[in-house]
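Inside the fold
One letter stands for each residue in the lines below.
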Amino acid sequence: MQFIENLRLAITSILANKMRSILTMLGIIIGISAVIMITTIGTSIQKTLVNTFNSMGSMNYFEVYTSWNYSEEDFGLTYTDNSEDRLSVEMLNQLVEQYPEYFYLNLSDDVGSFPLNNWKKQQISVNVSSITNFENLDDFPFVRGRGINQNDGNGLKQVMNVSTLFVEQYFPAGTNPIGQTVSTEIGDFVIVGVFELPDYYVKQMYNEGQQDIDKVTPVYIPYDTARHLLEKEQEPLYYADVYYYPEQDIDMLENLLNNYFQEIYKDKPYVQIEVFNMQSELGMINTVINVITIAISVIAAISLIVGGVGVMNIMLVSITERTKEIGVRKALGARNSAILAQFVVEAILLCLIGGIIGILLGVAGGVGIGFIAKFMVNQFYPEYAGMFKITIQPSIPAMLIAVIFSILTGVFFGYYPANKAAKLNPIDALRYD
Amino acid sequence: MNKPVIQMQNVIKRYYIGQPNELQILNGISLEIHEHEFVSIVGQSGSGKSTLMNIIGALDRPTEGTYHLNGVDVSTLDDDELSYIRNQEIGFVFQTFNLISRTNALKNVEMPMMYAGLSRKKRLERAKELLALVDMSERATHQPNELSGGQKQRVAIARAMANHPSILLADEPTGALDSKTGHKIMDLFHKLHQEEGTTIILITHSSELAEETERMITISDGNIIADTGGENNAVH
């Protein structure tokens, strides 16, 4: 009851001096809006990065690649690229045998682009890739048949996965492609599955207005089959992706990999296997952005102190102006605590309104900058526009903290003046003119 | 004889105690005021009547002596207890009205009841009743700056009556009004005294106004020098 009365009094008092109240709030508004704008930009950058990486496919793999550490003057003199030093399929298979609970492989390679003749004897092109396992890839949804798997490779089967676009190019309309044979330069392959090309792939690979018949489509064959047909079974690798099962300690796995390869390469100081993981890289980037956001926010929050002092100043003025009113209230039976509450509530309300205006302005500013960034990317780098998933996201925790901070500013800077009012001697206050 | 509301025994008030400019304002006032009395306290400025009023009104404590208000020894109470006494036992009427600005008449009258913790409904009911008593019902929603001096004082009197106080303590209530309006306010006091049985203490420097009351206590240099018209005179 008393609280509602105090709120009503505070609103009356703030409205009675609108201009003064707004000027008083200005410090709080600027401080809070700066913090909110910075955090909005920070969280938007993080969200954009995560969404962009996620849209590139799953990230639960380590990229491992061969790296030479000879110095420039040694180049070509003391070392020649000895293919035995490079990463081999055997090393990777042994790794998976050693840690089957952590890792699995899904090796892939570019085989090459080949021209093909379709049923109308028109020439089309395909881009052949080899892959161990083409099942369960989220971004290439299967509409028919099955994906290539390890068994196909083990049996050196000549099977193929093609896209719906390829089916349209290659076969007469209405043909069931499953079981049909496609003849290429490296052999004949039976189609066992048809997948849909994801939107981002289409946007990235093909120009607008390009004829469907001219589009080069990706097709997949088993990894081991490809190596066998190309007689490259013993050829070492430059790099490979080592996948890990979800929900594992990435740092631990990274150490495991590093140790595994260091053991193999311990006698070869000039060559090593590097391990790279996008997830841990992204985690580091996020940490850096967080630190920067917090640091700038703290600097911006200093203006809250200035704002708070402004509030304190105005509250002192207000109390001096209303000394007589305080005296009358005390004569009518107001306890010290009632007067204290009245003025603290007024200070809190002043800060809270300032804080809320600040949050609204900050979100508007942050979102505005986000839209400008999005517009600029679309305008000047349209080729990347499809790849960057620009996400604008105001930070909800930052807003909650801002509200709490506004209230605390009100309590902290309102308490001293309010206490001064509460302690006024009623006789002196009544006599005050 | 009615029961005593105010009992003062040898009340002394000093300021700047222990300092070279120590000042004694009241030199041992003994006084008894009973229920339903209409008393005036008269004195020149500097006579000590304001100090006496502050003590009667529980705004201040006596330095020495005892002051019982409705049997409660006020001189021993702390600030919050004094606030409670002022809220429940005293109705202040000031020379300059002292209505809270930007707050309408009704809300002004509700204020002492708000500090007493009454519910909104009860407050509103009582405030309307009081405004009717002082003939201000039609101005209930007016802000103080929309009221004349006399009207403000009527609202102030209604406010003073809010919590059924034991005494209505009026400090020069007509001092800021023209004589015609002043008379109307005095008529209102008489009406409250006669019809409601309110105990009224009127503090004034005007002996003309004091003549209108039943009992007149005259103060000079911190002493009661005369006490006339009462049903029983002060204990000297």
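Definitions and limits used
Residues numbered from 1 in each chain as written. Chains lettered and ligands numbered in written order. Predicted model: local features only at pLDDT ≥ 70, side-chain atom pairs only at ≥ 80, totals over all residues. Heavy atoms only, no water. Helix = DSSP H or I, 4+ residues; strand = E, 2+ residues; numbered from the N terminus. Buried < 20%, exposed > 50% of the residue type's maximum accessible area, 1.4 Å probe, protein only. Domains from an automatic or database assignment. Salt bridge = Lys/Arg side-chain N within 4 Å of Asp/Glu carboxyl O. Patch = residues over 30% accessible without salt bridge, like charges linked within 9 Å, V, L, I, M, F, W, Y side chains within 5 Å. Areas by Shrake-Rupley, 256 points an atom, 1.4 Å probe, with all protein chains shown as cover.

The subject of this paragraph is unusual backbone geometry. Even without being a glycine, Leu-156 of chain A presents a positive backbone phi close to 50°. Residue position: Leu-156 of chain A is located in the loop between helix H4 (150-154) and strand E6 (159-163). Residue classification places Leu-156 of chain A among the partly exposed positions, given a relative accessible area of 32%. Phi at Arg-102 of chain B is positive, roughly 60°, even though this residue is not glycine. Checked against the element boundaries, Arg-102 of chain B lands in the loop between strand E6 (90-93) and helix H3 (105-116). Residue class for Arg-102 of chain B comes out partly exposed when judged on its relative accessible area of 41%.

All right, on to the domain arrangement of chain A then. The assigned domain composition of chain A is domain 1 (2-55 + 282-431) and domain 2 (61-269). Domain 1 of chain A and domain 2 of chain A are separated by 55 Å when their C-alpha centres are compared.

Once that is clear, we can look at the pattern of salt bridges. Residues and elements named next belong to chain A. Taken as a whole and judged by the stated rule, the model has 19 salt bridges over all chains. Here Glu-5 ties to Arg-8 by a salt bridge, and the two come within 3.9 Å at their closest N and O atoms. Placement of the pair is Glu-5 and Arg-8 together in helix H1 (residues 2-16), with a separation of three residues, close to one helical turn. Linking Glu-263 and Lys-266 is a salt bridge whose minimum nitrogen-to-oxygen distance equals 3.0 Å. Taking relative accessible area as the criterion, Lys-266 reaches 55% and is therefore assigned exposed.

Right, let's get into a nonpolar patch on the surface. Residue and element names in this part refer to chain A. There is a patch of nonpolar side chains on the surface, built from Ile-372, Phe-375, Met-376, Phe-380, Tyr-381, Tyr-384 and Phe-388 and spanning about 770 Å² of accessible area. The element that contributes the greatest number of residues to the nonpolar patch is helix H11 (residues 336-380), accounting for four residues. With respect to the secondary-structure elements, Tyr-384 resides in helix H12 (residues 382-385). Overall, the relative accessible area of 39% leaves Tyr-384 in the partly exposed class.

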